[in-house]
Amino acid sequence: MRQKLEYLKETPSQTAGPYVHIGLAPGAAGFEIYDQELGWDIAGPNAKGARIRVEGVVTDGTGSPVKDVLLEAWQANADGVYAHPEHVGEVEQGFRGWGRVITDFETGEWGFDTVKPGPVMGRGGQMMAPHINLWIVARGINVGLNTRVYFEDEEEANAADPVLNVIEWERRRATLIAKREARDGLAVYRFDIRLQGEDETVFFDI
Amino acid sequence: MSTPPKEGEFYQRDRRWHPPALSQDYKTSVTRSPKFPLISLENTPSEITGPVFGHNDINAADNDLLSNFAQPGESPVGERIIVHGRVLDENARPVPNTLVEIWQANASGRYRHKKDSYLGALDPNFGGCGRTLTDANGCYHFRTVKPGAYPWRNWVNDWRPAHIHVSVFGSGFAQRLITQLYFEGDPLIARCPIVNTIPDPEAVEMLVARLDMNATIPLDTIAYRFDIVLRGRRSTLFENRLEGN
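The model shown is predicted, which means the values in this text are computed figures rather than measured ones.

As for the environment of S171 of chain B
So, step 1. Within the secondary structure layout, S171 of chain B lies in the loop between strand 9 (163–168) and strand 10 (177–183).
So, step 2. Leaving out residues up to four positions away in the same chain, S171 of chain B has contacts with H84 of chain A together with F10, I48, T49, G50 and R233 of chain B.

Here it is as structure tokens:
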């Protein structure tokens, strides 16, 4: 008898399409249906650390804003702990570290409020610089795109980050560094995402 | 005392099984597809972990699209269906307690979305979204109406096959998946440029829900079965430790 490997194949991806909001953010589609939409509060009220805002716009290969994109953020807390049973450590009550982000349909601008994550231990005892993981879906995106937001004011940690250093082309690493500005005392990080073309953002196969 | 082997990294995603970023016949993908190759990463805790949801996050009735937007005593128009199945991983193990969210057009092919202006009528009793958590065996079910086909601007005469959008989490962010469910026997499936972004016909078959007469409720609701497979994980038999030294 021929030996057989009993693995299944992963369900193939399909685009989220233009009406992704109906399922994942129905208020933005224009109607109220759930008692509680998920993903609006990433850090919760008790999270320690610096309160920050991350903003940007996603542009396509013509430089036009992608107005129907939806992003999900996944991050550790200020101590570098993910709210997940396999990650050792505690997170604050109400800290989920996950959120959904939609755009202004007119401009394509998006933004979310959270706390700045701490460094997270990576593979082989190498510390990863503070970062927020993003997953990007939209009409015309056949498989959700993964990228990471790093922070401009973490220069030393970024220089030692094992993931940034996997990117052979040093000038492409800059596409993952959010630029900091102060606005009314709040740290706001600008993270524009270019799907294609000049300074195309680095996307990961995770 | 022995402890069960710890689970390790997710199996690599088979990028030849999924659609490529650029598919000429799905025109919107042309300017929204990265030109550079993805940078392959070995899993770190950032990819192996992911959000956890519980029964406090949703209502039990959120999975019933026949009633979750309808006026009391009323029902949406259309063919009443049950969509049910299991969420498994590539090791054929159930994925319990994971969030499954769906959205769809109504029976006229019209979406309840401020950006949809198709001629098909809105149904005052149909919202078009639902969500549920899989049970301990990875099972889920929804009640809804069968969505209608609708035209879209790609070529001048393109019609989407009836479909339901499906979003699934799994236990790690690396498993995050959005896909679309189609219905057995629909002649529009083979003609659809979005379906045809998937290169392998076997992979397309995984997206076609099967008529399931055994799960049908006689004289009430017809049933379709749709299993979802997420990435599996290696067991750490001889692995280097992922974390620490």
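Now that the structure has been shown, we can carry on.
Let's talk about the interface of chain B and chain A
So, step 1. In this complex, chain B contributes 93 residues to the contact, which on the side of chain A involves 82 residues.
So, step 2. Contact with chain A buries surface across chain B, with R32, I39 and F173 of chain B losing the most and accounting together for 11% of the total.
So, step 3. Summed over the shared surface of chain B and chain A, the number is eleven salt bridges.
So, step 4. Across the pair E101 of chain B and R100 of chain A runs a salt bridge whose closest N-O atoms are separated by 2.7 Å.
So, step 5. Run the count over chain B and chain A and you get 54 residue pairs in polar contact (both at pLDDT 80 or more).
So, step 6. For the side of chain B that touches chain A, the element with the most residues is strand 10 of chain B, which contributes five residues.
So, step 7. Looking at the side of chain B that touches chain A residue by residue, the class counts come to 42 nonpolar, 28 polar and 23 charged.
So, step 8. Summarising the sheet, strand 12 (residues 204–205) of chain A and strand 2 (residues 39–40) of chain B pair through two bridges and their orientation is parallel. Across the sheet, the residue bridging to F204 of chain A is I39 of chain B, located in strand 2 of chain B.

Here we look at the packing of aromatic side chains
So, step 1. As enumerated under the stated definition, the model contains 14 aromatic pairs over all chains in all.
So, step 2. Summarising the aromatic geometry, the rings of F31 of chain A and F69 of chain B are spaced 5.5 Å apart at their centres and angled 85 degrees between planes, so their arrangement reads as edge-to-face. In this pair, F31 of chain A is assigned in the loop between helix 2 (26–29) and strand 1 (51–59) and F69 of chain B in the loop between helix 2 (45–48) and strand 3 (80–89), connecting two distinct chains. When sorted by exposure, F31 of chain A lands in the same class as F69 of chain B, which is buried.
So, step 3. With 5.0 Å between their ring centres and 85 degrees between their planes, F183 of chain B and Y224 of chain B make a pair best called edge-to-face. Highlighted residues: F183 of chain B in strand 10 and Y224 of chain B in strand 12 (residues 222–225), separated in sequence by 41 residues. Neither residue differs from the other here; F183 of chain B and Y224 of chain B are each classed as buried.
So, step 4. Taken together through their ring pairs, the aromatic side chains of Y19 of chain A together with Y111 and Y150 of chain B make up a single cluster.
So, step 5. Directly above the aromatic system of W17 of chain B lies the positively charged group of K9 of chain A, at a separation of 4.9 Å from the ring centroid.
So, step 6. Positioned above the aromatic ring of Y34 of chain A is the side chain of R131 of chain B, whose terminal nitrogen or guanidinium carbon lies 3.7 Å from the ring centre.

Criteria and thresholds
Residues numbered from 1 in each chain as written. Chains lettered and ligands numbered in written order. Predicted model: local features only at pLDDT ≥ 70, side-chain atom pairs only at ≥ 80, totals over all residues. Heavy atoms only, no water. Helix = DSSP H or I, 4+ residues; strand = E, 2+ residues; numbered from the N terminus. Contact = heavy atoms within 4.5 Å. Buried area = accessible area lost by both parts, 1.4 Å probe. Salt bridge = Lys/Arg side-chain N within 4 Å of Asp/Glu carboxyl O. Polar contact = N/O pair within 3.5 Å; in protein donor to acceptor, adjacent residues only side chain to side chain. Nonpolar A, V, L, I, M, F, W, Y, C, P; charged D, E, K, R; others polar. Pairing = 2+ DSSP bridges. Phe/Tyr/Trp six-rings, centres within 6.5 Å; stacked < 30°, edge-to-face > 60°. Buried < 20%, exposed > 50% of the residue type's maximum accessible area, 1.4 Å probe, protein only. Lys NZ or Arg CZ within 6 Å of the ring centre and 35° of its normal.

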